[in-house]
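One letter stands for each residue in the lines below.
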Amino acid sequence: MNSLGHHALLGHVQADHPLSPRWALAQLHPLVKSVLNYRPEPLWESDTARLPWRMQVYRRRARDFAQQHLAPLALEADAQPHVPVGTLSPALREVLVAAGRQGWLTDLLPAPLGTSAWLDVGYPLVWRTCLRVEEFARACGGLMLFLSAHYLGMGPILVSGQLPLLWQTLRPAVRSTLQGDPHLFAFAITEPGAGSDAEDGHGAAANRPGLRAWRDGAGWRLRGDKVYISGGDIARQLTVFAALENEGFESWTCFLVDADMPGFEVLRTELKMGMRASSAAHLRFNDVWVPDARVVGGLRQGWALNRATLNLSRLPVGAMAVGLAQSAVDVVSDFVGQARLGGRRLIDYQDVQLTLAQMLADTSAARAMVWQGARTWTPRQAMASMVKFHCTDTAMRVIEMGMDLMGEHALPHRARLEKIYRDARLTQIFEGTNQVNRLSVIEDLQEHWLPPQPHQKARP
Amino acid sequence: MSNPSTESLTQQDLEACLAVVHRYASESLAPLCERHEQSMAAADMRAACLALETLGVLHSDQTPAMGIWDEPGNALAREWSWRALRELGRVNAGVAVQVHAQAVAWHLDRCAGQAPRANGAVVCSGFMGLGRDAVVADLADQVLSTDQVRCLADNWGLPTLDQPRYLFSLPDWEWVWLPVWTAGQQWTWVQWSRDMVDAQALPQAHGLDELTLFALSIKPQHRDAVPRECRQITGAAARQAWVEVQAMQVFGGMGYMQDNGMEKTLRDLNVLRLMGGAPAELRYILAYWDALSPMLGELTA
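All figures in this text were calculated on a predicted structure; none of them were measured in a lab.

K.L.:
So what's going on with the interface of chain B and chain A? Residues and values would help.
P.N.:
At the junction of the two partners, chain B supplies 35 residues and chain A supplies 29 residues. Summed over the shared surface of chain B and chain A, the number is 3 salt bridges. Linking Asp351(A) and Arg132(B) is a salt bridge whose minimum nitrogen-to-oxygen distance equals 3.0 Å. Across the contact surface, chain B and chain A share 13 residue pairs in polar contact (both at pLDDT 80 or more). Contributions of two or more residues to the side of chain B that touches chain A are made by α7 (146-156), β2 (165-169), β5 (197-202), α9 (262-274) and α10 (279-287) of chain B. Taken together, the residues of the side of chain B that touches chain A sort by class into 16 nonpolar, 10 polar and 9 charged.

K.L.:
Go over the packing of aromatic side chains with me, naming the residues and quoting the values.
P.N.:
With the rule as written, the count across this model stands at 17 aromatic pairs over all chains. Between Phe65(A) and Trp104(A) the ring centres are 5.8 Å apart and the planes differ by 40 degrees, which places this aromatic pair in the tilted class. One end of the pair, Phe65(A), is in helix α4 (residues 53-70); the other, Trp104(A), is in the loop between α6 (90-101) and α7 (125-139), with 39 residues separating them in the sequence. Take Phe65(A) and Trp104(A): they sit in the same class, and that class is buried. Residues Trp156(B) and Trp242(B) carry aromatic rings whose centres are separated by 5.1 Å and whose planes lie at 90 degrees to one another, so their mutual orientation is edge-to-face. Note that Trp156(B) is positioned in helix α7 and Trp242(B) in helix α8 (residues 235-256), a separation of 86 residues in sequence. Note on Trp156(B): relative accessible area 1%, which makes it buried. An aromatic cluster is present here, built from Phe187(A), Phe241(A), Phe249(A), Trp252(A) and Trp303(A) joined pairwise through their rings. Its end group placed over the ring of Trp44(A), Arg63(A) keeps NZ or CZ at 3.8 Å from the ring centre.

K.L.:
Give me empty space enclosed by the protein: which residues, what numbers.
P.N.:
Residues and elements named next belong to chain A. For the structure shown, the criterion picks out 3 cavities of 30 Å³ or more. In this structure, the largest cavity encloses a volume near 70 Å³. In terms of lining residues, the largest cavity is bounded by 13 residues, among which Ala139, Cys140, Arg416, Lys419 and Ile420 are the most central. If you list the elements that add at least two residues to the lining of the largest cavity, you get α5 (74-79), α7, α11 (302-338) and α14 (417-427). Across the lining of the largest cavity, the residue classes break down as 7 nonpolar, 2 polar and 4 charged.

How each quantity is defined
- Residues numbered from 1 in each chain as written.
- Chains lettered and ligands numbered in written order.
- Predicted model: local features only at pLDDT ≥ 70, side-chain atom pairs only at ≥ 80, totals over all residues.
- Heavy atoms only, no water.
- Contact = heavy atoms within 4.5 Å.
- Salt bridge = Lys/Arg side-chain N within 4 Å of Asp/Glu carboxyl O.
- Polar contact = N/O pair within 3.5 Å; in protein donor to acceptor, adjacent residues only side chain to side chain.
- Helix = DSSP H or I, 4+ residues; strand = E, 2+ residues; numbered from the N terminus.
- Nonpolar A, V, L, I, M, F, W, Y, C, P; charged D, E, K, R; others polar.
- Phe/Tyr/Trp six-rings, centres within 6.5 Å; stacked < 30°, edge-to-face > 60°.
- Buried < 20%, exposed > 50% of the residue type's maximum accessible area, 1.4 Å probe, protein only.
- Lys NZ or Arg CZ within 6 Å of the ring centre and 35° of its normal.
- 1 Å grid on protein atoms, 1.4 Å probe; cavity = no way out; pocket = protein on both sides within 12 Å on 5 of 7 lines; lining within 4 Å.
- Points joined across faces, edges and corners; volume = space filled by probe spheres on them.

Structure, rendered in structure tokens:
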């Protein structure tokens, strides 16, 4: 009820008014009405209904888990003091174990290499990943990353195409995780001197790799540092990219390193602006020896594995941003529905409605872009990068609109919005900064601006 | 309010004073906040405020001198104020905000015709920032609509637990100035003592880590009548103080924006962006610019 006693927001007609769109649709011919009339359900439901039935089930399950396990812990996990390297607070461990037992840490592949339902294997796994991380991020960005970074570590193993390696690695990991002892992976590419350069071909060509591997018996010795590795201090195994001695980035090779191998050391974890429930570790490899059997995908295949993994992982970063934008919409919707000024609720001011509508539209458009990009088994670099930078930039804009609307009410920690801002800021930076992602789009499309090669047909 | 100490102020004097602040900021203040992820201790911050008082940058005498915001009517003194804040803000935005708020509070003390009180604070926003356009319309002497009057009363009424005011300050503040509007009295500024206020500390605020964010409301027993020990500024003086304080807010903001630790700067900027009216509300000031500019005098030149 608004302040004038109507069951409608100020400036709108109520649903049973003869000029209400809702009333009008109900007057249509029954045949047409059955198509064009709709129930006034939440937008989340309408969006979900667009998905294939199995994906609907998956999205609902992800939201239920996020609401039950992640949302109640979000503020506490963000504010908790910095824990020593490799440790977890009891609350975080509990969430991790619960996620593992319910299959949320292993659902890329079906049994026995994972926990995804066989009925779901027909749907692109990047699509499912996007649905999952959006719902998790909507509850808490940090907890989302805490539970998701490890899929990135599995990425190179998955795209190596080596079935024996998949079998030997994933099967025991899945079993242990399901039994309540989570076996996490981490993905280690960033080096102190190479952040964006490891995400971009041209940058890599001009950069000298820091982490090196040299031949030693029936294996390789690794020496060097990796930095900002999500979950690097709690992972049991890490996919680590290193250049072979005296060669450049083109020799990049992926090694599967166990955290208990001699010489592996976690120097520290970072104090971060946001996504604080997830650690970012500085790792040191003091001549860690890795046997030949742990070379993932073959020697000098690292760059290929890296590119393929990034094409799969940049889409979910867009989805995280959508989840964070959605949670900003949630917070602001609640606020403007409750806070009063000048004798009415804020939502009864037209300019507030305009801002909120803009936030909803931007979030919806970003989600549509993620879903469109993710509905494929072969994500293309241009699309994955466009989704990554566009959706993360959009999310920041949506969150800033929300902060401007709430003013100083956005600043206390308990209001949640300032945390969403801090969490979302990271999505613009990791998986290649948004600037590098823009360049990746052009890199993938550069034939368009080049003269045709002699053996190619001219462009129509 | 002319004053011999600033009447003869020259640009040369101003630069010399700024050099002193610059030296203090780089040599004494910067070592206290080298690690931006570890916020400065409140005791260090209070000591810094006292040191700035000793230097004369903050000036708590009843007679205005060369302290920050001592003479908002003098263009050169005003330039000195925001540039001094900028020197401090270059090192730490929290320090600049605290010094700024202290200086504004002392300005209000002087407007009330009494000696400045130590450990003062000031709140310049209402419950919802500026509370839409009503405050600006009123200061611009426009005839207010019924909705605008309601907004004034809602936004600028005495704060309650449900409709608090926000304050970023060192935790040991003892007095706080609040602008209040009621239908009967129109604008007043009331200086409440800490024990008359319910001050709820809100930990882990978005930025300004050195300061504490409080939600303030006036205790029920003090809501009916303002206690005698509270100073007040009423009538035309209250309106004039409002315009001056708004100008100090805008110009003070120019002092805060400098680099210190990128993520902290980003958070601090977010706070400054929302303090005292969000950007969307500033358009209301522009909407009434023609009517306001004569009151702002030289500021608009």
